[in-house]
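Residue strings, one per chain:
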Number of protein chains: 2
Amino acid sequence: MTVETVSLNRSHDGMQGVYRHASRETGTGMTFSVFVPPHQDGAKLPVVWYLSGLTCTHTNVTEKGEFRQACAELGLIFVAPDTSPRGNVPGDPAGLYDFGLGAGFYVDATEQPFARNYRMWSYVTEELPGLIAEHFPADPKRQSILGHSMGGHGALTIALHHPDRYRAASAFSPIVAPSQVPWGIKALSGYLGEARDAWRKHDTVALIEDGARFSDFLVDVGDADQFLSEQLRPELLERACSQAGIPLILRRQPGYDHSYYFVSTFMADHMRWHAARMKA
Amino acid sequence: MTVETVSLNRSHDGMQGVYRHASRETGTGMTFSVFVPPHQDGAKLPVVWYLSGLTCTHTNVTEKGEFRQACAELGLIFVAPDTSPRGNVPGDPAGLYDFGLGAGFYVDATEQPFARNYRMWSYVTEELPGLIAEHFPADPKRQSILGHSMGGHGALTIALHHPDRYRAASAFSPIVAPSQVPWGIKALSGYLGEARDAWRKHDTVALIEDGARFSDFLVDVGDADQFLSEQLRPELLERACSQAGIPLILRRQPGYDHSYYFVSTFMADHMRWHAARMKA
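Residues numbered from 1 in each chain as written. Chains lettered and ligands numbered in written order. Predicted model: local features only at pLDDT ≥ 70, side-chain atom pairs only at ≥ 80, totals over all residues. Heavy atoms only, no water.

(A) Spatial organisation of the environment of B:Leu51. All names here are of chain B. Tracing the backbone shows Leu-51 in strand β4 (residues 45-51). Expressed as a C-alpha distance, the spacing of Leu-51 and Ser-149, which sit 98 residues apart in the sequence, is 8.9 Å. Apart from residues no more than four positions distant in its own chain, Leu-51 is found in contact with Pro-81, Tyr-106, Val-124, Ile-145, Leu-146, Gly-147, His-148, Gly-151, Gly-152, Gly-154, Ala-155 and Ile-158. (Helix = DSSP H or I, 4+ residues; strand = E, 2+ residues; numbered from the N terminus. Contact = heavy atoms within 4.5 Å.)

In structure tokens:
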């Protein structure tokens, strides 16, 4: 597969790259970023996947995430995909920030006219990992995943589907029960249709209720997050993990909101959590 | 004076604010950002001034500078002003990135039609310090200054004019001899006129040649910086400091370019340099 290098900048002793390729899953051009830490020639490095939230592209975390110093110290590759197909795809409801472009919700759409292009589940779990393994010094046996908001939803649901592939999973401000909150209901009904059974595979709390398991989770939320009580509802994750016996570290960070000022504050913590679970 | 709060976000245990006010110097509305680290009630904290480069506003360093963790640990207030007057000011040559809006060059213009609004020297050295002292827990006796590219020029020239006010000065990729390079010649002739004597007060190398002194400087440049040999010319600063007996740590960082991927890599180093010189 062809990958075009958009930019490449030395940073924190490693290389921050931005890349573009023609995606078979989304049927569009797609852009993503990869930070490769300093490493010995021939080394294969653990890979951290970071999924972004509504309205974001790879650029938000790449510019504001403050992950590079920690990834350089810990020897982690950091991959940041986009959040939806891009370009001229059918069905984008112009003007909405929470559905369509920038809001793929990490599902493979089954509804028309979205089914051909809105395939972010397969893009993030299959197509892009193949590309990363082919073009970067990545060790596919050591992968982990995290995300922010809609991307926290993506990270937790993907981890619960692939507990053997991802050795760690964490989230900032995740949407943990999309079937029960406005953002999620809009997205899941739009992409997957009104039959709610299909939603459960894309709902962290429902997945856990239905028996999916993962080793442990780290979740940070800001207690001044404007979306906390209506869209995020971390107490639902707390209850589900407790009932299922999944160890959860849920930290309510005082005074923090939903922004990258919050995410960047705790990013290095999360990188250490991931690195500790990908050793050896 | 009235200062309007544009945004305020908790980050790295402190508060990142963005503020707007009506500037008497520029005759326009001006926006700036201030990070206040965690501190005890009533404490007065040292202030680091960061001057940005061509095309930038306060947002570039505020989003991409990776200074907050270090400033929180070291107890430093971090102030990032804009780089020119803003809004509908006479004389902006639309389409130029290196003259006019976003390119104030930290001088008080004497040429028309710039003289009324392009007063970034007085704005950064007089008006804004007054505002900061009035509205933030700042200790005016402990200030320091740094900057990037055009802002490195600003920081070094301001430090050389006020060696008793600023206790530390450093720069990323500074324009050290604007009288001798294209960016500087365009700006200084445009704002100050063709009489080159007036330029020497706004040229780091010329100031040192003319007898200005400062305790010591820290300067980082990337050896892959596309502007290094034509616009920055750090060897001229090296020679001037050497002849004047000013201690200079000039680090040519291998593989680094002119971007914030470079600046953010060494930002914490600079914060430690500043903090060490503002103790007590």
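Now that the structure has been shown, we can carry on.
(B) Highlighting the sheet that holds strand β9 (residues 248-253) of chain A. Residues and elements named next belong to chain A. One open sheet holds the nine strands; their spatial order is β1-β2-β3-β5-β4-β6-β7-β8-β9, and the pairing between them is mixed. Looking at the sheet topology across the chains shown, the edges are occupied by β1 (4-11) and β9. Averaged over all pairs of adjacent strands, the angle between their axes in this sheet comes to 20°, without regard to strand direction. Here strand β7 (residues 166-172) runs beside strand β8 (residues 217-222); their pairing, made up of three bridges, is parallel. The residue of β8 that forms the bridge with Ala-171 is Val-219. Sheet strands touched by helix α4 (residues 150-161): β4 (45-51), β6 (138-148), β7 and β8. Its angle to β6, the strand with the most contacts, is close to 140°. (Pairing = 2+ DSSP bridges. Axes fitted to C-alpha atoms, helices over the stretch in contact; angles between N-to-C directions.)

(C) Examining the interface of chain A and chain B more closely. Taken together, the contact pairs 21 residues of chain A with 21 residues of chain B. Between chain A and chain B the total buried area reaches about 1,900 Å² when both faces are included, carbon and sulfur atoms providing 44% of it. Of all residues in chain A, the largest losses of buried area upon contact with chain B belong to A:Arg10, A:Glu66 and A:Tyr261, amounting jointly to 36% of the total for that side. Here chain A and chain B share twelve residue pairs in polar contact (both at pLDDT 80 or more) between them. Elements that contribute at least two residues to the side of chain A that touches chain B include exactly β1, α1 (58-64), α2 (68-74) and α9 (260-277) of chain A. The element that contributes the greatest number of residues to the side of chain A that touches chain B is α9(A), accounting for four residues. Of the residues contributing to the side of chain A that touches chain B, the split by class is four nonpolar, ten polar and seven charged. (Buried area = accessible area lost by both parts, 1.4 Å probe. Polar contact = N/O pair within 3.5 Å; in protein donor to acceptor, adjacent residues only side chain to side chain. Nonpolar A, V, L, I, M, F, W, Y, C, P; charged D, E, K, R; others polar.)

(D) Unusual backbone geometry, seen in detail. In this model, A:Gln112 is joined to A:Pro113 through a cis peptide bond whose omega is 0°. The backbone phi angle of A:Phe105 is positive, close to 60°, even though this residue is not glycine. The residue A:Phe105 is located in the loop between β5 (77-80) and α3 (120-135) in this model. On the accessibility criterion, A:Phe105 (0% relative accessible area) is buried. Even without being glycine, B:Thr55 reaches a positive phi, approximately 75°. Since its relative accessible area comes to 49%, B:Thr55 is described here as partly exposed. (Buried < 20%, exposed > 50% of the residue type's maximum accessible area, 1.4 Å probe, protein only.)

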